[in-house]
Amino acid sequence: MKKIAIVLVLLLLATAFAVAQQERRILDEDTDIGGSDDPVNDDTVIAPPPMPTVPESDTVVGKSLVKTMTRATNVVRTAVSRLHLTGSGLAISEGDAFEFAYAKVVVGAVKVRASSDDNTTEPFVSKRLGVLMLDKDKYHLKDIAVSGEEISAEIYGPTTTANAASAPIGELKVKRFEKPGQDIWAGNMVISDRGYNIYLLGMKRQFKLAEITEKVGEYCTGNAEDSRCRNIAPECAQDTVQCKERVSNYCQLNPSDLKCLQLKKLYCLRNASDERCREYLKDLCEENSGLAHCKVKTVAGKVVTSINANKVLAITAEKGEVARNLVKTKVRDGLKILKNRVEDADTGLEES
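Engineer: How do you make sense of the overall build of the protein when you look at a structure like this?
Structural biologist: Secondary structure assignment for the protein yields 7 helices and 11 strands. Going through the 352 residues of the protein one by one, you find that 53% of them count as buried. A fraction of 64% describes how many contacts in the protein between residues 6 or more apart in sequence connect residues 24 or more apart. Just so you have it, the protein exposes about 16800 Å², and 52% of that area is on carbon and sulfur atoms.

Engineer: Explanation requested: the pairing of strand β8 (residues 194-202) in the structure shown.
Structural biologist: Consecutive side chains along a regular strand alternate between the two faces of the sheet. Summarising the sheet, strand β1 (residues 80-93) and β8 pair through 7 bridges and their orientation is antiparallel. Opposite L90, over in β8, you have Y199 as the bridge partner. Across 8 bridges, strand β7 (residues 182-191) lies against β8 in antiparallel orientation. The partner of M189 across the bridge, within β8, is Y196. Between β7 and β8, which pair antiparallel and follow one another directly, the connecting turn spans 2 residues, one of which, S192, has a positive phi of 50 degrees.

Engineer: I keep staring at the side chain of S126 and nothing clicks. Help me out?
Structural biologist: Along the polypeptide, S126 turns up in strand β3 (residues 124-134). On the basis of relative accessibility, which here comes to 6%, the residue S126 falls in the buried class. Within the structure, the side chain of S126 is placed 3.2 Å from the side chain of S81, a separation counted as a polar contact.

Engineer: Explain the sheet that holds β3 to me, please; I cannot follow it from the model alone.
Structural biologist: Backbone hydrogen bonds hold the strands of a sheet together, and the pairing may be parallel or antiparallel. Judged by pairing direction, the barrel is antiparallel, and its 8 strands sit side by side in the order β1-β2-β3-β4-β5-β6-β7-β8 before closing back on the first. Neighbour-to-neighbour, the strand axes of the sheet open up by a mean angle of 30 degrees, direction not taken into account. The pairing of strand β5 (residues 150-156) with strand β6 (residues 170-179) spans 6 bridges and is classified as antiparallel. Paired with E154 across the bridge in β6 is E171.

Engineer: Even after reading the chapter, I still don't get the packing of helix α2 (residues 209-222) against helix α4 (residues 241-253), so can you show me in this structure?
Structural biologist: If you want to describe how two helices pack, look at the angle between their axes and the distance between the axes. Running from N to C, α2 and α4 point in directions that differ by 140 degrees, and their axes come no closer than 8 Å. α4 is crossed by α2, and the crossing has right-handed handedness. Of α4, the residues touching α2 (which contributes L209, A210, T213, E214, V216, G217, E218, C220 and T221) are C243, K244, V247, S248, C251 and Q252. Here the contact of α2 with α4 is built from residues that sort into 7 nonpolar, 5 polar and 3 charged.

Engineer: Can you walk me through the packing of aromatic side chains in this structure?
Structural biologist: Each aromatic ring pair is summarised here by two numbers: the centre-to-centre distance and the angle between the ring planes. All chains considered together, the criterion is met by 0 aromatic pairs. Sitting over the ring of Y156, K142 keeps its end group 4.4 Å from the ring centre.

Engineer: What should I look at first to understand the pattern of salt bridges in this one?
Structural biologist: Side chains that differ in charge, positive against negative, can pair when their charged atoms come close. All told, the structure shown has 22 salt bridges when counted by the stated rule. K282 is paired through a salt bridge with D183; the nearest N and O atoms lie 3.9 Å apart. Remark: D183 occurs in strand β7 and K282 occurs in helix α6 (residues 275-287); sequence separation between them is 99 residues. Residue classification places K282 among the buried positions, given a relative accessible area of 15%. A cluster of three or more residues bridged by salt bridges with shared partners is formed by E149, R176, E178, D183, E275, R278, K282 and K297.

Engineer: What exactly am I supposed to notice about the environment of P255 here?
Structural biologist: Within the secondary structure layout, P255 lies in the loop between α4 and α5 (258-269). When the C-alpha positions of P255 and I212 are compared, they lie 9.9 Å apart, and in sequence the two are 43 residues distant.

The rules we used
- Positions within a chain are numbered from 1, following the residues in the order the chain's sequence is written.
- Per-residue local features are limited, in this predicted model, to residues with pLDDT of at least 70; the limit for side-chain atom pairs, both in listing and counting, is 80 or more; totals at the level of whole chains, interfaces and linings are taken over all residues.
- Processing note: side-chain calculations cover all non-hydrogen atoms of the structure and skip hydrogens and water entirely.
- Segments assigned H or I by DSSP are reported as helices when at least four residues long, segments assigned E as strands when at least two residues long, and all are numbered from the N terminus.
- Exposure is judged per residue with a 1.4 Å probe applied to protein chains only, and the accessible area is read against the type maximum: over 50% gives exposed, under 20% gives buried, and values in between give partly exposed.
- Whether two residues touch is decided by their heavy atoms; if any such pair falls within 4.5 Å, the residues are in contact.
- Accessible areas in this description were obtained via Shrake-Rupley with a 1.4 Å probe; residue shielding takes into account the shown protein chains only.
- Whether two strands pair comes down to DSSP finding at least two bridges between them.
- In protein, a polar contact requires one atom able to donate a hydrogen and another able to accept it; more generally it is a pair of N or O atoms within 3.5 Å, and residues adjacent in sequence count only if both atoms are side-chain atoms.
- The axes used here are C-alpha line fits, helices contributing only the stretch in contact, and every angle between their N-to-C directions lies in the interval 0 to 180 degrees.
- The handedness criterion is simple: a crossing whose near helix is rotated anticlockwise from the far helix by less than a right angle is left-handed, and one whose near helix is rotated clockwise is right-handed.
- We call Asp, Glu, Lys and Arg charged. Ala, Val, Leu, Ile, Met, Phe, Trp, Tyr, Cys and Pro are nonpolar, and the rest, Gly among them, are polar.
- Only Phe, Tyr and Trp rings are paired, with Trp represented by its six-membered ring, and only when their centres lie within 6.5 Å; those with planes under 30 degrees apart are stacked, over 60 edge-to-face, the remainder tilted.
- Either the NZ atom of lysine or the CZ atom of arginine qualifies as a charge over a ring when it sits within 6 Å of the ring centre and within 35 degrees of the ring normal.
- Throughout this description, the term salt bridge denotes a Lys or Arg side-chain nitrogen within 4 Å of a carboxyl oxygen of Asp or Glu.

Listed below in structure tokens is the structure:
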């Protein structure tokens, strides 16, 4: 799996460079996701559950902002806003079980330079991007929709540049299936009118210190009334630029501080579709399954600790983010022609 992760990182870096040539400069040197995502009109907007909160008395927040502490003299701010899916597996032809390809998929959101089309005064915006690898062929994903446990996207390529194809050649839709010890994404894929079933083993990804401290700093910039932010940086009362910097720097130097840990939990409860947040929230549930955001299920008689979708939000728009296309449902013609069973699939999960 380590080799796969290394290949994915190299792939994402290469694609991010191509995006940069289109005046969308990616700010990360580590885990970028290539491609582009053009906003489209939503067909249906799903009402989210109430906005989660974290009381200041909440001490069930973990012991450190990150599991593995890696300090560096020069901290590189990551461009990865969210990471929705990192997985590898097989794409198998619907017509021939012995016609298959090795598949790798990464879907997330990255910070890119804002353009005039984004209609914002922010210097950067967050947009969904994705990469699909089938054997040695590389594709990029557009029009990515993330809704709870489902992800869908249009497929462009194969290509070696970010914008080589002007029209999609296929579509992808997968759903998360929770199994004991492993998440599996399964669904349908159409490429050039050929149908495939696709199965991906989810790869776990923890927060890096720079990533999560960036998030808590951004939260405090937009929520100056939160006393946890003001107690770290009095500048937050005026909602100044220094607020984010002071909070981020403080939490980097004090990763076990209760205020920082509470802010991390608050962010993750509002961004539960981020794989890094999901791992963190599930870790809390492993230690205390009675927490409000936890849900215990059984799969074939075995216990699986999961996330209660009614107590978290999949995605909360960040400052500077293009808010369209955050959560939507869409029936895609290519997938409809197939037996598109993803939405009606039985995950085999039962509450215990």
